[in-house]
Amino acid sequence: MSHAATPLGVSPDKTVLLVGGTGRTGQRVLCRLLERGVAVRAVVRSAGRLPPGVAGDPRLTVVEADLLALDDESLAAQVRGCEAVVSCLGHTISLRGVFGPPHDLVARATARLCGAIRDSRPAAPVKFILMSSVSVDHPGASGERRTAPERLLLRVLRRLVPPARDNQRAADFLHAAIGTEDPHVRWVVVRPDTLREGEVSAYSLHERPVSSLFRPDDTRMSNVADFMCDLATADGSWNEWAGRLPVIVDRN
Ligand SMILES: NC(=O)c1ccc[n+]([C@@H]2O[C@H](COP(=O)([O-])OP(=O)(O)OC[C@H]3O[C@@H](n4cnc5c(N)ncnc54)[C@H](OP(=O)(O)O)[C@@H]3O)[C@@H](O)[C@H]2O)c1
C-alpha cells in the first residue's frame, strides 16, 4: 500500500503519551503531534534534549523522569486520560548504549505501559504504537519471507546484540500477552528499515519485509513520525493496521 503524507484535522482534546521523545525519531513525532494540534505528555530523562522550540507550547506537558524507575502508581498517572501511547524508545547507539543495561528497555517499558493502561481500565481501548525495526519478525507469521541466511543472521544478532533481542521481545509480548481483542489496549508495531534524515516524503507500508536484510531499504525518520502520528490521530490508518506490524519504507 502506498501513502503520501497528508495533514489531518484532529480533535484538540486528544492527549498522547510519548516516551522516547528526545530521540531522533521521537523528537520528530513530538513536533508533528504538536503541529497537528494534539496535546502531548512527554516522559523524558532530560528536558534539555527536547527539540528546540517546543518548550513554550501550551499543549506540551513534560515529565522529567526515568521511565523504568517510575513505580506502578506514577506510571498509571501518566497513561491516565491518554488516547494513545507512542514509544520511540531505543538503545543509544554507543558501546554502552547497545551492550550496557537495561538490555530489556523496550520490552520492559512496553509491558509496564500496557499494564498501566490495563490497570487504569479506560472506557475505550488505548492505542499503543511501538517503534520497532524491520529486523523484528511477526511473531505470528513463521519466518515471514526471510531466506535461510537472513534467519541465521537474525538468530546471531538476537543472541549477541541486546537491542535486537529486546525489540523482538517487545513485539512478542504484544502479540502473545495483549493479542488483538484486549478491551483496554490495542497496538501497532511499526517496522522501519535503515533510518535516514530528510523531510517527509512519499512512503509505502507493507504487511511484511519487502527487501533482503542484506540489501536494506531506506526509511526517513520523518516518514516514521508521520505514520506514527497518523496512527495516533487518524481512524483510517489505525483501523487498517491495528494488531499488525507494518513495514515502512521510502518510495523512490
Ligand atoms: N538505527 C536504525 O537504522 C534503526 C532502524 C530501524 C529501527 N530502529 C529502532 O528505532 C527505535 C528508535 O530509534 P532512534 O534512532 O530514533 O532512537 P534514539 O535517537 O537512539 O533515541 C532513543 C530514545 O530512547 C531513550 N532512552 C534510551 N535509553 C533509555 C533508558 N534507559 N530509559 C529511558 N529512556 C531511554 C532516549 O532518551 P535520552 O535522550 O534520555 O537518551 C531517546 O529518547 C529503536 O528502537 C531502534 O532499535 C533503528
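Above: the structure in question.
Cut-offs and rules
- Residues numbered from 1 in each chain as written.
- Predicted model: local features only at pLDDT ≥ 70, side-chain atom pairs only at ≥ 80, totals over all residues.
- Heavy atoms only, no water.
- Helix = DSSP H or I, 4+ residues; strand = E, 2+ residues; numbered from the N terminus.
- Rg over C-alpha atoms; globule rule 2.2 N^0.38 Å.
- Buried < 20%, exposed > 50% of the residue type's maximum accessible area, 1.4 Å probe, protein only.
- Near = heavy atom within 4 Å.
- Polar contact = N/O pair within 3.5 Å; in protein donor to acceptor, adjacent residues only side chain to side chain.
- Areas by Shrake-Rupley, 256 points an atom, 1.4 Å probe, with all protein chains shown as cover.
- 1 Å grid on protein atoms, 1.4 Å probe; cavity = no way out; pocket = protein on both sides within 12 Å on 5 of 7 lines; lining within 4 Å.
- Sits in = over half its atoms within 2 Å of the grid points.
- Nonpolar A, V, L, I, M, F, W, Y, C, P; charged D, E, K, R; others polar.
- Arc of directions from axis to C-beta.
- Contact = heavy atoms within 4.5 Å.
- Pairing = 2+ DSSP bridges.
- Core = buried A, V, L, I, M, F, W, Y, C linked by side-chain atoms within 4.5 Å.

Student: Pulling in residues and values, what's your account of the overall build of the protein?
Tutor: A count of helices and strands for the protein gives 8 helices and 11 strands. Over its C-alpha atoms the protein spans a radius of gyration of 17 Å, differing by no more than 12% from the 18 Å that the globule rule assigns to 252 residues. Overall, the C-alpha framework of the protein stretches about 50 × 40 × 35 Å when taken along its three principal axes. Residues classed as buried in the protein amount to 51% of the 252 residues present.

Student: Could you give an account of the site of the ligand, naming the residues involved and the relevant values?
Tutor: Neighbouring the ligand are 21 residues, the closest being Thr 22, Arg 24, Thr 25, Arg 45 and Arg 49. One of the side-chain nitrogen or oxygen atoms of Arg 45 is found 2.8 Å away from an oxygen atom of the ligand. Coverage of the ligand by the protein amounts to 84% of the 930 Å² it exposes when considered alone. More than half of the atoms of the ligand fall within 2 Å of the grid points belonging to the largest pocket. Elements represented by at least two residues in the shell around the ligand include exactly helix 1 (24-35) and strand 8 (194-196). Here the residues of the shell around the ligand sort into 7 nonpolar, 9 polar and 5 charged.

Student: Go over helix 2 (residues 72-79) with me, naming the residues and quoting the values.
Tutor: What helix 2 keeps buried is the set Leu 75, Ala 76, Gln 78 and Val 79. Take helix 2 and look down its axis: the buried residues cluster within an arc of 160 degrees, on one side only. Buried residues along helix 2 sit against strand 2 (15-19), strand 3 (39-44), strand 4 (60-64), strand 5 (84-87) and helix 4 (105-120). In the segment just after helix 2, Gly 81 is the residue with positive phi, at about 85 degrees.

Student: Give me the pairing of strand 11 (residues 247-250): which residues, what numbers.
Tutor: Walk down a regular strand and you will see the side chains alternate between the two sheet faces. Taking every second residue as pointing to the same face, both faces of strand 11 are buried, with Val 247 and Val 249 on one and Ile 248 and Asp 250 on the other. Strand direction decides the pairing type here: strand 7 (residues 185-192) and strand 11, joined by 2 bridges, are parallel. Within the sheet, the bridge partner assigned to Pro 192 lies in strand 11 and is Ile 248. Two elements, strand 9 (residues 203-206) and strand 11, share 4 bridges in a ladder whose sense is antiparallel. Note that in strand 11 the partner of His 206 across the bridge is Val 247.

Student: How would you sum up the nonpolar core? Please name residues and give values.
Tutor: In this structure, Val 43, Leu 67, Val 85, Leu 113, Phe 128 and Leu 174 are the most contacted members of the largest nonpolar core, which totals 33 residues. A per-element tally of this core places helix 4 first, with 8 residues. If near-sequence neighbours (up to four positions away) are discounted, Leu 67 is found in contact with Val 19, Val 43, Leu 75, Leu 89, Ala 109, Arg 112 and Leu 113. Of all hydrophobic cores here, the second largest spans 32 residues; its members include Leu 18, Leu 34, Ala 42 and Leu 60.

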